[in-house]
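Residue-level structural notes
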Amino acid sequence: YSARPQTRLPEFDKEFIIQRNIPIASYELKLKLPKNLFFRSKLYNHADIQPIVEENSYSKILTFAFKNIPAFEALPYDPPFNDCAARLHISSMKDWDSFRDWLERIMKDSGAIGPETASLAQKLTASANNDAEKVRAIYEFLCELRYDTTPIGSRAFRPRLPKEVCEERYGDCKDKANALIAMAGSLGVKGYIALVNRFSSTDCDFPGWQFNHALAFFPKLQGYENGLWCDATDGSTPFASLPPGDIGRTAFIMLDKSFEFGKIIPPDNAENSLSEEIEITILPENRA
């Protein structure tokens, strides 16, 4: 079938899943792009295939042809599907700086905090003895708020104002992360919003939209020399701990005038892991 790309980003960004849970004899992907449009592509978990390139007066046409793709059969404890199955990522994003600049534009003033919310932050942290305790008090308040999201249009990327989150008592991951950073910031505690591909990996060498989750990062807090990651999305996550889907992932941290990638690590360097040792003994007649 033929379809126009659906996107809410200023750049074209699309991922195509090549491998499925059934074998595929032939798969052809044809992309028609403006002739002078910059773009990049990367094929994951498959031998490199170069597209056939054609041009007309207005467009560049790329045809990717795949043959005899085996079925993807997931096994217990396999990495996430996207880390194993063949997929093709296409993006017209030139670099991560362009992504950060777009993110700054769409989030502009979303951290504005009014007197009511500033007063709430003061009230929540009245008994706090240091900055870490202030972050904890605000974090635990936000964790108690209902999770709800409406990812439509710019709402998929722009957080709601902290005042709206606190008064209406609900928010999604970016709403809560943004409110935590803004409320802590009103008390002089600096934090940054971080984007992560939860339950999968981020390719730092391929600028493009790879994220599905947001959390807060505080680089300098007493008792947390390596920084503190806070994910207020899940109400059952105690302060200074993290949901399993976050741990070990690489996050895009939006700094004041730049960005950096950082690995999400709990403050005590703990890791959520499950290990299993299986001992096999070969019996006579090659029976195990």
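Our structure is the block above this text.
What comes next is a walk through the structure.

What counts as what
Residues numbered from 1 in each chain as written. Predicted model: local features only at pLDDT ≥ 70, side-chain atom pairs only at ≥ 80, totals over all residues. Heavy atoms only, no water. Pairing = 2+ DSSP bridges. Helix = DSSP H or I, 4+ residues; strand = E, 2+ residues; numbered from the N terminus. Axes fitted to C-alpha atoms, helices over the stretch in contact; angles between N-to-C directions.

**Things to note about the sheet that holds strand β6 (residues 87-91)**
- Read from one edge to the other, the open sheet built from three strands follows the order β1-β6-β3, with strand pairing classed as antiparallel. Pairing within the sheet leaves two strands with one partner each, and these edge strands are β1 (13-17) and β3 (40-44). Strand-to-strand twist across the sheet, computed as the mean angle between neighbouring axes with direction ignored, equals 15°.
- Note that β3 and β6 share five bridges and pair antiparallel. The partner of Leu43 across the bridge, within β6, is Leu88.

**Some details on the sheet that holds strand β10 (residues 213-218)**
- Read across the open sheet, the five strands follow the order β11-β10-β9-β12-β13; overall the sheet is antiparallel. Unpaired on one side and paired on the other, β11 (228-230) and β13 (259-263) mark the two borders of the sheet. Ignoring which end each strand starts from, the neighbouring axes of this sheet average 35° apart.
- For strand β9 (residues 192-196) and strand β12 (residues 250-254), the ladder comprises three bridges, and the chain directions are antiparallel. Residue pairing for β12: Val196 is matched across the bridge by Ala251.

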